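Chain residues, written in single-letter form:
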Amino acid sequence: MLLLLACSGTDDPVAGDDTGPIDTTGHFSEVTVTASEAIPTVQLVRFVSDLDGDPWVRFGPTGEEGWTVTATATDDGAWEATLVGLPPETDGEVVVGVGDVEGPTTAVTTGSGPDWFTMDGAFGTPEPAFLVLGVEVGGGATGAAILDTAGRPVWWSPAPEGLYGHLHTRARITPDGAHVAYIAFGFPLPGSKEDGQSELITVSLDGTEVERTNFGSAHHDFLYLPDGGMAWIDVDDRTFEGRTLRGETIVEEDTSGNRRTVWSVWDTFTPSTGEMGSPDRKSTRLNSSHTVISYAVFCLKKK
């Protein structure tokens, strides 16, 4: 399945026409464009063609310049694409083609946007013309969203049930381009012997597949490494002058599951003097940039 930034529509391939879009070339058949049941701005495209060449799908708001993505072959000989990019309640067009031959056009109208969306405390990751966000759903819950350049949500997914109370983190598009991932983090207080309850949430672009993986005490930020591994921020509690303080560490994991500590806040920082070591403070806080995990210890978190 290919993704790219997006479009969606009604359940009918063509509004008011049960037969689907009309092919005038004689080279396209079984063309369907259907809105995702989970995210009504996401469009699922499928078509068959007897032409040789690269299959593609062009889509965008009606009368405006849009985007072109490559379709992916299915096991039964068709082509398909998952489109993400049109905002809610927008009229759009989807055109399929192979090589230099343009096939039929399908008119679509996207559904309504999420009623829970808020930008409060969002962690953003810029993509070409879009912004991928870890967002706060409300009531302490978390989720993820993709916004267009006007700040309108074109893709969204609230966290699975049972994660309410966990905090939000940055969201990222996975290396395969077919999913959005984010961490819903929940870790114990400094000094606690409880295990971390963070989870890596991976959601397919059509919103129908949600995978949950325990992620220990990971929090706030992570990224995919060029070699296929991952890196993330984790907690590093240590005892200092009789008190348990929370520090942070950078952890990397390779494709075989081997982990190594890249850096710890304790390597470069000692909370011993002045306001930074005062009794009413109890932990460090580590965040990162969106391009690479380059960190700055910028405060000691209050109790």
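What you see is a predicted model, and the numbers here were worked out from it, not measured in a lab.

Here four strands make up an open sheet; going across it, the order is β5-β4-β8-β9 and the pairing antiparallel. Because the sheet does not close on itself, it has two edges, and the strands there are β5 (67-70) and β9 (101-109). Across the sheet, the mean angle separating the axes of adjacent strands is 20 degrees when strand polarity is ignored. Sheet topology places strand β4 (residues 55-61) next to β5; four bridges connect them, and they run antiparallel. Directly across from tryptophan 56, in β5, lies its bridge partner threonine 70.

The final tally for this structure, using the stated rule, is five aromatic pairs. Residues tryptophan 67 and phenylalanine 130 carry aromatic rings whose centres are separated by 5.7 Å and whose planes lie at 50 degrees to one another, so their mutual orientation is tilted. Of this pair, tryptophan 67 sits in strand β5 while phenylalanine 130 sits in strand β11 (residues 130-138), and the two are 63 residues apart along the sequence. With a relative accessible area of 26%, tryptophan 67 lands in the partly exposed category. Classification of phenylalanine 130 by relative accessible area gives buried; the value is 5%. Seen in terms of ring centroids, phenylalanine 215 and tryptophan 232 are 4.7 Å apart; in terms of plane orientation they differ by 40 degrees. Their pairing is tilted. Of this pair, phenylalanine 215 sits in the loop between β17 (210-214) and β18 (219-224) while tryptophan 232 sits in strand β19 (residues 230-240), and the two are 17 residues apart along the sequence. Both residues of the pair, phenylalanine 215 and tryptophan 232, count as buried. Here the aromatic cluster, defined as three or more aromatic residues joined through ring pairs, consists of Phe59, Trp67 and Phe130.

Further remarks concern the environment of leucine 225. Tracing the backbone through its elements, the reader meets leucine 225 in the loop between β18 and β19. Residue leucine 225 is classed as buried on the basis of its relative accessible area of 18%. Considered as a pair, leucine 225 and threonine 255 are 30 residues apart in the sequence and their alpha carbons are 9.9 Å apart. When sequence neighbours within four positions are dropped, the list of residues in contact with leucine 225 reads Met230, Ala231 and Glu252.

This part covers the sheet that holds strand β14 (residues 171-173). Spatially, four strands are ordered β14-β15-β16-β17 in an open sheet, and the strand pairing comes out antiparallel. Both outer strands of the open sheet, β14 and β17, are each paired with one neighbouring strand and no more. Strand-to-strand, the axes of this sheet are offset by a mean angle of 20 degrees, without reference to chain direction. As defined by bridge partners, strand β15 (residues 179-184) adjoins strand β16 (residues 199-204) across six bridges and the pair is classed as antiparallel. Across the sheet, residue histidine 179 finds its bridge partner in β16, namely serine 204.

Among the six residues in β16, six count as buried, and that is most of the element. Residue alternation in β16 divides its side chains into two sets, Glu199, Ile201 and Val203 and Leu200, Thr202 and Ser204, and both sets are buried. Two elements, β16 and β17, share five bridges in a ladder whose sense is antiparallel. Among the inter-strand pairings, threonine 202 is bridged to a residue of β17, identified as glutamate 211. Hairpin connection between β16 and β17: a loop of five residues separates the two successive antiparallel strands, and glycine 207 in this loop has a positive phi of roughly 80 degrees.

Before going further, it helps to spend a moment on the nonpolar core. Among the nonpolar cores identified, the biggest contains 22 residues, and Val84, Ala144, Ile146, Trp155, Ala171, Val180 and Tyr182 are the most heavily contacted of them. Apart from the residues within four sequence positions on either side, isoleucine 146 is in contact with Val84, Phe130, Leu131, Val132, Arg152, Pro153, Val154, Trp155 and Val180. In this structure, Phe28, Val33, Val57 and Phe59 belong to the second largest nonpolar core, which totals 17 residues.

On to the pattern of salt bridges. Summed over all chains, the structure comprises eight salt bridges. Arginine 260 is paired through a salt bridge with glutamate 252; the nearest N and O atoms lie 3.2 Å apart. By relative accessible area, which is 49% here, arginine 260 ends up partly exposed.

Another point: the environment of aspartate 50. Counting through the fold element by element, aspartate 50 comes out in the loop between β3 (43-49) and β4. Residues aspartate 50 and histidine 27, spaced 23 residues apart in sequence, show a C-alpha to C-alpha distance of 5.7 Å. Discounting chain neighbours no more than four positions away, the residues touching aspartate 50 are Gly26 and His27. For aspartate 50, the side chain forms a polar contact with the side chain of histidine 27, separated by 2.8 Å.

At glutamate 30, a position not held by glycine, the phi torsion is positive, near 50 degrees. Tracing the backbone shows glutamate 30 in strand β2 (residues 28-35). At glutamate 89, a position not held by glycine, the phi torsion is positive, near 55 degrees. Residue placement: glutamate 89 occurs in the loop between β7 (79-83) and β8 (91-98).

The rules behind each value
Residues numbered from 1 in each chain as written. Predicted model: local features only at pLDDT ≥ 70, side-chain atom pairs only at ≥ 80, totals over all residues. Heavy atoms only, no water. Pairing = 2+ DSSP bridges. Helix = DSSP H or I, 4+ residues; strand = E, 2+ residues; numbered from the N terminus. Axes fitted to C-alpha atoms, helices over the stretch in contact; angles between N-to-C directions. Phe/Tyr/Trp six-rings, centres within 6.5 Å; stacked < 30°, edge-to-face > 60°. Buried < 20%, exposed > 50% of the residue type's maximum accessible area, 1.4 Å probe, protein only. Contact = heavy atoms within 4.5 Å. Core = buried A, V, L, I, M, F, W, Y, C linked by side-chain atoms within 4.5 Å. Salt bridge = Lys/Arg side-chain N within 4 Å of Asp/Glu carboxyl O. Polar contact = N/O pair within 3.5 Å; in protein donor to acceptor, adjacent residues only side chain to side chain.

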